[in-house]
Each structure stands twice: as structure tokens, then as C-alpha cells.
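Coordinate inspection notes
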Amino acid sequence: MSNPVEEFNDYRQKMNEKLLADNNKIIKRIFNLDTNAYAAGALDVKTKELLGLVASAVLRCDDCVKYHLETCFKEGATKEEVMETMGIATLVGGTIVVPHLRRAYEFWEALEAQEG
């Protein structure tokens, strides 16, 4: 049986390494900006990741949703916090976000199963 969390992380790592190995200054700066934007500041990391989760769901980026879900999980977000966040994303994004909500719920379950 495949592990969706491992599959996602393995693919993401492999492709990020390839992208960064090309030494494209713009791509490297975008990656750096992203890393720094989600670092603790006036808002803690968990809050920033929940905000990223809303934006990713509204923009309908499943890879981004998975990334933010996993980081929220690692930052100690509860299922209730994540589902409330996804509720706001669905409200803002409309019913077109529902398929992403389903996949987010499924991925969160995979994160929980991986820990247990």
C-alpha cells in the first residue's frame, strides 16, 4: 500500500533539488523568499501556515495544500483548527474548493495515520 505523504515528499524533494541545481537566480530567490515568509515573526509559524493553507486552497493548488497541511501538522495544529481553516477557505473560494477540501481531509488522515 502506498503512503501518500512519503510519495508527495519524495517527489517534492527530488524535483526541488533538480530545480535548484540549475542555479537559476530567480528561482532560488523565490524559494528563499518563500522560506523566509513562513519563518516566525509577528505571527508564529503555525498561524502563517494556516494562512498559507487558506490561500493555497482558494487558489486550488493541491501540492501547496499538502505542503501546508504537513507543516501545520508538524507545528501542532489540531484537526479542528485545520478543518476550521479549510472551512474559511471553502467559504472564500466557493464550492469549486470542495474537491480540494476532500483531498485535504484525506491527506490529513494520512498524516495522522503515519504518526499512529
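Residues numbered from 1 in each chain as written. Predicted model: local features only at pLDDT ≥ 70, side-chain atom pairs only at ≥ 80, totals over all residues. Heavy atoms only, no water.

1. Points about the environment of Val 5
Residue placement: Val 5 occurs in helix 1 (residues 4-21). A relative accessible area of 1% places Val 5 in the buried class. Distance in space between the C-alpha atoms of Val 5 and Glu 70 is 8.3 Å, their sequence separation being 65 residues. The residues contacting Val 5, other than those within four sequence positions of it, are Glu 70, Phe 107, Ala 110, Leu 111 and Gln 114. (Helix = DSSP H or I, 4+ residues; strand = E, 2+ residues; numbered from the N terminus. Buried < 20%, exposed > 50% of the residue type's maximum accessible area, 1.4 Å probe, protein only. Contact = heavy atoms within 4.5 Å.)

2. So, unusual backbone geometry
A positive phi angle is found at Asn 23, which is not glycine, with a value near 60°. Relative to the elements of secondary structure, Asn 23 occurs in the loop between helix 1 and helix 2 (25-37). The exposed category is assigned to Asn 23, whose relative accessible area is 54%. At Arg 60, a residue that is not glycine, the phi angle is positive and equals roughly 60°. Tracing the backbone through its elements, the reader meets Arg 60 in the loop between helix 3 (45-58) and helix 4 (62-74). The class of Arg 60 is partly exposed, set by a relative accessible area of 41%.

3. Things to note about the environment of Glu 106
Note on placement: Glu 106 falls in helix 6 (residues 98-115). Judged by relative accessible area, Glu 106 falls into the exposed class, the value being 53%.

4. Remarks on the nonpolar core
One broad trend across soluble globular proteins is that nonpolar side chains are buried collectively. Counting residues in each nonpolar core, the largest one holds 20 residues, and the members touching the most others are Leu 69, Val 82, Trp 108 and Leu 111. Secondary structure elements with two or more residues in this core: helix 1, helix 3, helix 4, helix 5 (79-93) and helix 6. Among the elements that make up this core, the one with the highest residue count is helix 6 (5 residues). Look past the residues within four positions of Val 82 in its chain and what remains in contact with it is Leu 50, Leu 53, Leu 69, Cys 72, Ala 77 and Trp 108. (Core = buried A, V, L, I, M, F, W, Y, C linked by side-chain atoms within 4.5 Å.)

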